[in-house]
Amino acid sequence: MGTKWADGGEDNAAAQLSADYSVVGVSWAIGTGRRAGSSSLRTPTISTANTLTRTIGGTEATMFQSVALLAASLSFGTTARSFLRFLEGAAIHLSIHLTATGALALYRGDMTTLLGTSSVLFTAGSWSWFQIKVVIHDTTGSVEIRDASGAVLLALTGIDTRNAGTGFCDTVSLGINGNSSVLVTHDYDDWHVWDSTGSICNTWTNDTRVDHKLPDGAGNYAQFTPTAGANYTCVDEANHNTTDYVESLTAGHMDSYTFGDIGHSPPSIFAVLRTAVAQKDDAGARSLKLLTRRSAVDYVGSAITLNQGSYVRVVDVQETDPSTSAAWTQAGFNAAEFGIENV
């Protein structure tokens, strides 16, 4: 599979985070990202817990995460708290805490057993990006943390990294996990989660950014009914709303849209995450498939079940350009249409 999840904070109004995550805390905010014009996910200046947890599925013991963090302060106050976690269901295998010196402290469980502390990476008020590889196992577990240059900040082998369960990671969590008794603001950007499978993204990466692209024009299909105007103008906002959308009662109907181009020149594209926020509004089974159209050919994903009366983000991952079976390129992405099929 490779890439399991990515979030750059561009399409999540704080009030709508529940479409993507199990949310703890009511005061999440959207901050300023580490690049011009980008956004971040911000834990607010209150002392209570604020976490975002997402089930990513799978039974892999080897997992990677990377994230950029800006810490307004390097202190959590009277109680140290983690900000990044690897879980199996509700059980936290490993957690990471930012120390008062700007290092990363690794724990088994949620701040339970200290396994090791990295060299210093962070200074207050500045963005830093890092990536971490973990292998979950009772006796042969391992952890390695690297910075944006690839330098190793912490390397541990032959350790117990399994806190409970059977020894895999199917859930990840970001944000301050508990009351720290101090006002702390953290911004998170370019969160990327992947495993060691697949052919495109299965090992260490370079410093990674998450780009968010929106519909900007009509595609080949416009079979859904818009609330007003052209179909693509009903789904071109960064954050979903309940008054501007497309809908269909007919199985097999498709909508597709052109998207904003990737304007920079990425050396690698690890994956394209196709996403839509959707619900069903009546009884009976209803699913949605996500669509890519490349070179006049449609590539449709698996059916994803929708919830009755509550919006949820449906996501699938395309590691390769389906028209070439190779890694996505800037030109390939810019030439593609993406959309939905009612099932």
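A few points on the structure. (Residues numbered from 1 in each chain as written. Predicted model: local features only at pLDDT ≥ 70, side-chain atom pairs only at ≥ 80, totals over all residues. Heavy atoms only, no water.)

1. Some remarks on the overall build of the protein chain
Stage number 1. For the protein chain, the helix and strand inventory stands at one helix and 27 strands.
Stage number 2. For the protein chain, the C-alpha radius of gyration of 20 Å lies close to 20 Å, the compact-globule estimate for 343 residues.
Stage number 3. Its C-alpha atoms give the protein chain principal-axis dimensions of about 55 × 40 × 40 Å.
Stage number 4. Expressed as a percentage of its 343 residues, the buried residues of the protein chain come to 49%.
Stage number 5. A sequence separation of at least 24 residues applies to 68% of the contacts in the protein chain between residues at least 6 apart.
Stage number 6. Distance between charge centres in the protein chain, computed from 20 positive and 33 negative side chains, equals 4 Å. (Helix = DSSP H or I, 4+ residues; strand = E, 2+ residues; numbered from the N terminus. Rg over C-alpha atoms; globule rule 2.2 N^0.38 Å. Buried < 20%, exposed > 50% of the residue type's maximum accessible area, 1.4 Å probe, protein only. Contact = heavy atoms within 4.5 Å. Lys, Arg positive; Asp, Glu negative; His and termini not counted. Charge placed at Lys NZ, Arg CZ, Asp CG, Glu CD.)

2. Concerning the layout of surface pockets
Stage number 1. Within this model, the second largest pocket holds a volume of roughly 280 Å³.
Stage number 2. As for the second largest pocket, its lining consists of M1, T3, K4, W5, R54, T55, I56, R313, V314, V315, D316 and V317.
Stage number 3. Among the secondary structure elements, those contributing two or more residues to the lining of the second largest pocket are β1 (3-7), β5 (50-55) and β24 (312-318).
Stage number 4. With five residues, the top contributor of residues to the lining of the second largest pocket is β24.
Stage number 5. Residues of the lining of the second largest pocket, tallied by class, amount to six nonpolar, two polar and four charged. (1 Å grid on protein atoms, 1.4 Å probe; cavity = no way out; pocket = protein on both sides within 12 Å on 5 of 7 lines; lining within 4 Å. Points joined across faces, edges and corners; volume = space filled by probe spheres on them. Nonpolar A, V, L, I, M, F, W, Y, C, P; charged D, E, K, R; others polar.)

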